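Chain residues, written in single-letter form:
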Amino acid sequence: QVHLVESGGGLVQPGGSLRLSCAASGRIFSIDRMGWYRQGPGKQRDLVAVVTSGGSTNYADSVKGRFTISRDNAKGTVALQMNSLKPEDTAVYYCNAEIRMTTRTVDSWGQGTQVTVSS
C-alpha cells in the first residue's frame, strides 16, 4: 500500500554532486523517521543519513560534511544532497521511511537507485 520511489541516481565523476529524492505515496497518516541507506558491492546495507519528523538529523561518519539530508513533510518527500562524491560512495541507495498508516505503522523501503562515482 505504501510506496517509496527514489530518483536522481546516476554516474558522476569524483568530486561531483548528485541529489537523490524519494517520494512516499499511499494512504499515509504521517511519516516519522525518513532516511537513506546504501549497499555497495559485496557490502552490507548501511545507514547513510536519517531525519526525524522533528528535523533532527544523523549521518554516517563517512559522509559527514559532504551529504545533507532534508525532508518536506507537506509533500512526503526526503532528499539527499551528495557533494564531493568519492568512488567509495558507489552503491545502491535506498530510501527508508517509518510511516504511520490509518491502523498501523510500517517500515517501508524503496526499490533503490544506483549511484556510481567513477572517472
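Our structure's up above, just so we're on the same page.
Position numbers for residues start from 1 in each chain and track the written sequence from start to end. For a predicted model such as this one, the threshold for reporting local features is a pLDDT of at least 70, and the threshold for listing and counting side-chain atom pairs is 80 or more; totals across whole chains, interfaces and linings nevertheless cover every residue. As a convention, hydrogens and water are excluded, and side-chain values are obtained from all of the structure's heavy atoms.

As for the overall build of the protein
Stage number 1. Helix and strand assignments come from DSSP, with helices taken as H or I runs of at least 4 residues and strands as E runs of at least 2, each series counted from the N terminus. When you go through the protein residue by residue, the secondary structure sums to zero helices and 11 strands.
Stage number 2. Of the regular secondary structure in the protein, the N- to C-terminal order runs β-β-β-β-β-β-β-β-β-β-β.
Stage number 3. For the radius of gyration, the atom set is restricted to C-alpha positions; the globular benchmark scales as 2.2 Å times the number of residues to the power 0.38. Since a compact globule built from 119 residues should have a radius of gyration of about 14 Å, the 14 Å found for the protein is in line with a globular shape.
Stage number 4. Principal axes of the C-alpha set define a box for the protein whose edges measure 45 × 25 × 25 Å.
Stage number 5. Type-normalised accessible area, obtained with a 1.4 Å probe on protein chains alone, sets the label of each residue: buried when under 20%, exposed when over 50%, and partly exposed for intermediate values. The 119 residues of the protein split such that 43% are buried.

Some remarks on unusual backbone geometry
Leaving glycine aside, a negative phi is the common case for residues, and trans is the common case for peptide bonds.
Stage number 1. If you check the backbone angles, S84 has positive phi at about 50 degrees while not being a glycine.
Stage number 2. The residue S84 is located in the loop between strand 8 (77-82) and strand 9 (91-100) in this model.

Considerations on the side chain of D32
Stage number 1. With respect to the helices and strands, the residue D32 is situated in strand 4 (residues 30-39).
Stage number 2. Taking relative accessible area as the criterion, D32 reaches 18% and is therefore assigned buried.
Stage number 3. Setting aside residues up to four positions removed in sequence, D32 forms contacts with V51, T52, S53, R71, E98 and R100. Working rule for contacts: check all heavy atoms of both residues, and any pair within 4.5 Å makes them a contact.

So, the sheet that holds strand 1 (residues 3-7)
Stage number 1. Each pair of strands is called paired provided DSSP finds at least two bridges between the two strands. Pairing is antiparallel in the open sheet, where four strands are placed in the order 1-3-8-7. The sheet terminates laterally at strand 1 and strand 7 (67-72), the two strands that pair on one side only. Strand-to-strand twist in this sheet, taken as the mean axis angle between neighbours without regard to direction, amounts to 15 degrees.
Stage number 2. Note: strand 1 against strand 3 (residues 18-25), five bridges, orientation antiparallel. Bridging across to strand 3, V5 finds its partner in A23. Helix axes use the C-alpha atoms of the stretch in contact, all axes being lines fitted to C-alpha atoms, and the angles between their N-to-C directions lie in the range 0 to 180 degrees.

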